[in-house]
Amino acid sequence: MTSSRPSSSARPQLSERATAHIRGLIMSGELRPGALVRPETIGEDLGISTTPAREALQALRVEGFLELVPRRGFVVAPLTGQDIRDLFNVQALIGGELAARAATNASEQDVAELEALHHELIAAAARNNHDLLEEKNHAFHREINLMADSRKTVWVLGLVTRYVPRQFYSSIPGWPQATMEDHAEILKGIQAHDADATRAAMHQHIVHAGELLAAHFDARVAAANDAPQTADAGRLASA
């Protein structure tokens, strides 16, 4: 007997996919502040119906990425490079604490797992496999957060990092090299079970990543203000 359950259970996944997609366009500067975002266009671009697309816009409005303007619809809310830096500064404080605890708790097996992930990340960067590089980057951080054994702190970190999309990092100039070098310092602290050094390395790493993203965002917005939006951004923001 057929049931509507599969489609209803899939809807949150579709809206979450749309939410992440639009958030990425905003945070990368491809959709600049003031751009109009239509659910119909999002649905067409992602191959989904307007219902999950509209749910995504509502979610982004709650998060503060979009505003609902009377007689216009959803528009991208004001966002600056400094806003991005602020988000990463908060993330750095929490991430640094988790890394310090991970350094204290790390077993030989934990260290070996981190070493393997780091080597895989370096190999992905050498092959210019940016998708795999981002995957290994997140796996590296996820492993450290698990090692910290602090569920509530990880939960708080999740509230902050949900505003930072997982994709598009590899398109930021300098990010792959910075990731390899910064991770090496974090790994060194964990290998030595040095909580203070690991906290400092993780804090510096996250702030560094935020600065790269903020500079990339500012540059794209500045360029967009002097030229028409890209084809993809123009589709989403078309009037």
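Just so you know, these numbers come straight off a predicted model, no measurement behind them.

S.K.: Help me get a handle on the pattern of salt bridges, residues and values and all.
M.R.: Inspection of the entire model under this criterion finds eight salt bridges. Notably, a salt bridge pairs E120 with K136, separated by 2.8 Å at the nearest N-O pair. Of this pair, E120 sits in helix α5 (residues 108–126) while K136 is found in helix α6 (residues 130–148), placing the two residues 16 residues apart along the sequence. Here E120 falls in the partly exposed class, since its relative accessible area comes to 33%. Among the residues examined, K136 registers a relative accessible area of 16% and is labelled buried. Each of E97, R101, D196 and R199 takes part in one network of salt bridges that share partners.

S.K.: With reference to specific residues and values, describe the sheet that holds strand β3 (residues 73–76).
M.R.: With antiparallel pairing, the three strands of this open sheet are ordered in space as β1-β3-β2. The sheet is open, and its two borders are formed by β1 (36–37) and β2 (66–69), each paired with just one other strand. Direction of pairing for β1 relative to β3: antiparallel, over a ladder of two bridges. By the bridge assignment, L36 is partnered in β3 with V75.

S.K.: So what about a nonpolar patch on the surface? Which residues, and what values?
M.R.: On the surface, a nonpolar cluster with roughly 300 Å² of combined accessible area is contributed by W155, V156 and L159. Note on placement: W155 falls in helix α7 (residues 151–161).

S.K.: Tell me about unusual backbone geometry, residues and numbers included.
M.R.: Unusually for a residue other than glycine, R71 sits at a positive phi of about 65°. Within the secondary structure, R71 sits in the loop between β2 and β3. Judged by relative accessible area, which is 86%, R71 ranks as exposed. Positive phi, close to 55°, is recorded for N128, a residue that is not glycine. When you line up the elements, N128 lands in the loop between α5 and α6. By relative accessible area, N128 is classed as exposed at 59%.

S.K.: How would you sum up the side chain of E143? Please name residues and give values.
M.R.: For E143, the position within the fold is in helix α6. For E143, which is buried and forms no salt bridge, the nearest opposite charge comes from R142, at a distance of 6.5 Å. For E143, the contacting residues outside a window of four places in its chain are D110, E113, L114 and L117.

S.K.: Requested: an account of the confidence of the model for the chain, with residues and values cited.
M.R.: Segments scoring low in pLDDT should not have their predicted coordinates read at a detailed level. The share of residues in the chain with pLDDT of 70 or more is 86%, and the mean pLDDT across the chain is 86. Across residues 1–10 the pLDDT falls below 50, and counting only partners more than four positions away or on other chains, this stretch makes zero contacts in the model. Confidence drops under a pLDDT of 50 for residues 229–235, and excluding neighbours within four residues, the segment shows 13 contacts in the predicted structure.

S.K.: Please give an account of the pairing of β3 that cites residues and values.
M.R.: The pairing of β2 with β3 spans four bridges and is classified as antiparallel. If you follow V69 over to β3, its bridge partner there is G73. Between the antiparallel neighbours β2 and β3 lie three residues, among them R71 with a positive phi of about 65°.

S.K.: Tell me about the side chain of H118, and name the residues and values.
M.R.: With respect to the helices, strands and loops of the structure, H118 is situated in helix α5. Other than its neighbours up to four places away in sequence, H118 contacts F140, M180, H183, A184 and L187.

S.K.: Describe the nonpolar core, with residues and values.
M.R.: I22, I26, L31, I42, L66, I144 and I190 are the most contacted members of the largest nonpolar core, which has 55 residues in total. Looking at this core, the element that brings in the most residues is helix α9 (residues 195–225), giving nine residues. Residues within four places of I22 in sequence aside, it is in contact with L31, I42, A56, L57 and L60. Residues I94, L98, L157 and V160 belong to the second largest nonpolar core, which totals five residues.

S.K.: Mind laying out the packing of α6 against helix α8 (residues 175–191), listing which residues take part and the relevant values?
M.R.: Here α6 crosses α8 at 25°, and the two axes come no closer than 12 Å. Taken together, α6 and α8 sit at an angle that is classed as roughly parallel. Here α6 runs over α8; the crossing is left-handed. In this structure, α6 uses L133, E134, N137, F140, H141, I144 and M147 to contact α8, whose residues at the interface are W175, P176, T179, H183, I186 and I190.

Basis of the calculations
Residues numbered from 1 in each chain as written. Predicted model: local features only at pLDDT ≥ 70, side-chain atom pairs only at ≥ 80, totals over all residues. Heavy atoms only, no water. Salt bridge = Lys/Arg side-chain N within 4 Å of Asp/Glu carboxyl O. Helix = DSSP H or I, 4+ residues; strand = E, 2+ residues; numbered from the N terminus. Buried < 20%, exposed > 50% of the residue type's maximum accessible area, 1.4 Å probe, protein only. Pairing = 2+ DSSP bridges. Patch = residues over 30% accessible without salt bridge, like charges linked within 9 Å, V, L, I, M, F, W, Y side chains within 5 Å. Areas by Shrake-Rupley, 256 points an atom, 1.4 Å probe, with all protein chains shown as cover. Lys, Arg positive; Asp, Glu negative; His and termini not counted. Contact = heavy atoms within 4.5 Å. pLDDT = per-residue confidence, 0-100. Core = buried A, V, L, I, M, F, W, Y, C linked by side-chain atoms within 4.5 Å. Axes fitted to C-alpha atoms, helices over the stretch in contact; angles between N-to-C directions. Parallel < 35°, antiparallel > 145°, perpendicular 65-115°, else oblique. Left-handed = near helix turned anticlockwise from the far one by under 90°.

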